[in-house]
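Residue-level structure breakdown
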Amino acid sequence: MYFKFTFCPIILLLWASLSFAQNVNVVIHGAASIAKTDDNFVCVTLDWWPAEKCDYNKCPWGKAGILNLDLRYGALINAIKAFNPLRIKVGGSLQDNVVYKVGEVSSCPNFMKREDGLFGFSQGRLSMERWDQLNRFFNHTGVKLTFGLNALFGRNESQTEKGLWIGNWQLQNTRDFMQYTISKGYKVDSYEFGNQLSGSGMGAKVDAKQYGKDVIVLKNLVKELYAHPETQPKVFGPGGFYEEKWFNTFLEVSGQGIVDGLTHHIYNLGPGDDPNMMNKILDPSYLNQVSQTYKGVSDVVNKFRPQLGAWVSESGGALNGGSKDVSRTFADGFWYLDQMGMASTYDQKVFCRQALIGGNYGLLNATTFVPNPDYYGALLWHRLMGSTVLAVTKESDPNLRVYAHCAKKKPGVSLIFINLSKDRSFNITLSNAKPGDAGKPNYEFVGKQNREEYHLRALTGDIKDDIVCLNDVPMVQTDSEDIPAMDPKLVDASTPISIAAQSIAYVTIRDFEAHACV
């Protein structure tokens, strides 16, 4: 049973008043956008891991895997419905071990521990009965679905190079699966081909030229089976870690118009048992390092021009199920929301969090389905941050991270402020950059309408808390398992925006005139 706080302890207010305040001017460059995201930028994954999946002597998956998840829970249903819609990618490490029990496949066991198996497991099956259940659930909750396909069908592991899988991809099981899906009228927005097979791979890898040839086969299969272009699922790949040479080679072989979008994974916090995890999350220079990956992927997209750009199709921060001490706490939001902000500035169209539920990094508790703090940060992003990305500049402490978009609901702009500092708050004024003339002073923005502010803080002031407060109200599900109201605080536009130490704030300004947002 969870004790339901009705207010956040007064210690938060005392902490804010005692911290040193720094004045900062943030300049919003609203004349033109610097990037565009998908309207459903926020995405989560559902993974295949069975309960026997363990890391660091802990087994945090329980019954949260795709084959075991109880889809009847009201808390789970309501958490997804709140996004209206939520993009979900079904996939993960074992997806290249999944056999679809349809057509010529009559029997296949569920995942079992096997020492010589991929990631220590045997092949597993997705029965069409379970696929029916999942699709009823997706339809009921309004999910926008990406499905990760097994890209190792027909291949065998090389006898001379460990981890390399060779041979042509065999499509028959996938063909039967797609035909069944079509016959039932199930909606699949996109298919992703394989999981972490690029470059050096994770558990398994496929040569870039071979992958390029096989993704052409997949694209032709999709075009054959889905006759109408307007309902034809998109094809994405490779769904792995970015390695420049491998990505370039696969795209050169496949050619333009085959993959609709380029997908890659980000786990920039390293292993989940790293005792230095919290320091990494709070270190702005460390958080900045991953920008080189985003830039590299962006360069490849600019070169080969896939129609739908680049997606981060999986990112859990810390590898191997996440960090048991950090991933489910308020502190993780400093990494997660900063990553979404940074990714959007590099024109990444979608950002998929590993996972909706399961492991230590789930947005929902794997046992109780209670939302962890990152859930609320993601939901606010989805509701407030539009698809048009604006540049911002500032001269201040690097612990203050700022990202700006056109507001999702026009008019205006929405910003997210992330304060990594333990002992410094920020009083922020805004300016509107003068377009086309860097030599002229910027316009100081003086608003006339009240700002809409959403301040997120840890319940007790300890960022290791797993309960978050929004405008000093604890975010706890209602008795009917609904997501609580997430209303803004209306603030006088003549006052600075105040960002407390180690807090996060979304701010929407309706009367900020940004030409890119018209």
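A quick note: this is a predicted structure, and the numbers were derived from the prediction, not measured.

1. With respect to the pairing of strand E7 (residues 144-149)
Among the six residues that make up E7, five are buried, leaving the element largely enclosed by the rest of the structure. Relative to strand E10 (residues 190-193), E7 runs parallel, the two sharing four bridges. Along E10, the bridge assignment pairs Phe147 with Tyr191.

2. Some thoughts on helix H9 (residues 291-304)
Compared with an ideal rise of 1.5 Å per residue, which puts 14 residues at 20 Å, H9 spans 20 Å between its outermost C-alpha atoms and is within 8% of the ideal. Residues of H9 that are buried include every one of Ser291, Tyr294, Gly296, Val297, Ser298, Val300, Val301 and Phe304, and no others. Following H9 by one or two positions, Arg305 adopts a phi angle in the positive range, close to 55°.

3. Quick word on the confidence of the model for the protein
Confidence along the protein averages 95 in pLDDT terms, with 96% of residues attaining 70 or more. Under a pLDDT of 50 for its full length, residues 11-17 has, in the predicted model, twelve contacts with residues more than four places off or in other chains.

4. So, the packing of helix H5 (residues 208-225) against helix H6 (residues 244-254)
The axes of two packed helices give the description: the angle between them and the distance between them. Following both chains from N to C, one finds H5 and H6 inclined at 40°, their axes separated by 8 Å at the closest point. Our classification of the angle between H5 and H6 gives oblique. H6 is crossed by H5, and the crossing has right-handed handedness. Facing Ala208, Lys209, Tyr211, Gly212, Lys213, Val215 and Ile216 of H5, the residues of H6 in contact are Trp246, Thr249, Phe250, Val253 and Ser254.

5. Thoughts on the side chain of Arg353
Relative to the helices and strands, Arg353 is located in strand E16 (residues 348-353). At a separation of 2.8 Å, a polar atom in the side chain of Arg353 contacts the side chain of Asp374. Contact partners of Arg353, with chain neighbours within four places excluded, come to Cys43, Val44, Thr45, Ser315, Ser327, Asp332, Trp335, Tyr336, Tyr361, Leu363 and Asp374.

6. As for the nonpolar core
Counting 130 residues, the largest nonpolar core has Tyr100, Leu126, Trp131, Phe147, Tyr375 and Tyr506 as the members making the most contacts within it. Those residues in contact with Tyr375 that lie beyond four places of it in its chain are Asn78, Ala79, Ala82, Phe83, Leu363, Leu364 and Ile483. Counting 22 residues, the second-largest nonpolar core is a separate cluster that includes Ile28, Leu390, Leu430 and Ile509.

7. Focus on the sheet that holds strand E11 (residues 234-240)
Taken in spatial order, the eight strands close into a barrel running E3-E4-E7-E10-E11-E12-E14-E16, and their pairing is parallel. Within this sheet the neighbouring strands show an average axis-to-axis angle of 25°, counted without direction. For strand E14 (residues 310-315) and E16, the ladder comprises four bridges, and the chain directions are parallel. The partner of Ala310 across the bridge, within E16, is Gln348. Across the sheet, H9 is in contact with strand E12 (261-266), E14 and E16; its angle to E12 comes to roughly 170°.

8. Details of the state of the cysteines
Here a disulfide denotes a covalent bond joining the sulfur atom of one cysteine to the sulfur atom of another. Inspection of every chain in the model, using the stated rule, returns three disulfides. Through a disulfide, Cys43 is tied to Cys352; the S-S separation comes to 2.1 Å. Disulfide Cys43-Cys352: torsion about the S-S bond near 85°, hence right-handed. One end of the pair, Cys43, is in strand E3 (residues 42-46); the other, Cys352, is in strand E16, and 309 residues separate them in sequence. As far as burial versus exposure is concerned, Cys43 and Cys352 are alike and both buried. The disulfide that involves Cys406 links it to Cys517, with 2.0 Å between the sulfurs. As the torsion about the S-S bond is roughly -85°, the Cys406-Cys517 disulfide counts as left-handed. Placement of the pair is Cys406 in strand E18 (residues 400-407) and Cys517 in the segment after strand E27 (504-509), with a sequence separation of 111 residues. Residue Cys406 shares its accessibility class with Cys517, and that shared class is buried.

9. A few points about the pairing of E3
Burial within E3 is extensive, with five of its five residues counted as buried. With burial as the criterion, each face of E3 is covered, one bearing Val42, Val44 and Leu46 and the other bearing Cys43 and Thr45. Across three bridges, E3 lies against E16 in parallel orientation. Residue pairing across strands places Cys43 opposite Cys352, the latter belonging to E16. As judged from the four bridges shared by E3 and strand E4 (residues 87-90), these two strands associate in the parallel manner. Bridge pairing in E4 places Leu46 opposite Val90. For the crossover from E3 across helix H2 (residues 74-81) to E4, the handedness is right-handed.

Calculation rules
- Residues numbered from 1 in each chain as written.
- Predicted model: local features only at pLDDT ≥ 70, side-chain atom pairs only at ≥ 80, totals over all residues.
- Heavy atoms only, no water.
- Buried < 20%, exposed > 50% of the residue type's maximum accessible area, 1.4 Å probe, protein only.
- Helix = DSSP H or I, 4+ residues; strand = E, 2+ residues; numbered from the N terminus.
- Pairing = 2+ DSSP bridges.
- Expected span 1.5 Å × (residues − 1).
- pLDDT = per-residue confidence, 0-100.
- Contact = heavy atoms within 4.5 Å.
- Axes fitted to C-alpha atoms, helices over the stretch in contact; angles between N-to-C directions.
- Parallel < 35°, antiparallel > 145°, perpendicular 65-115°, else oblique.
- Left-handed = near helix turned anticlockwise from the far one by under 90°.
- Polar contact = N/O pair within 3.5 Å; in protein donor to acceptor, adjacent residues only side chain to side chain.
- Core = buried A, V, L, I, M, F, W, Y, C linked by side-chain atoms within 4.5 Å.
- Disulfide = S-S within 2.5 Å.
- Right-handed = clockwise from strand over helix to strand, strands pointing away.

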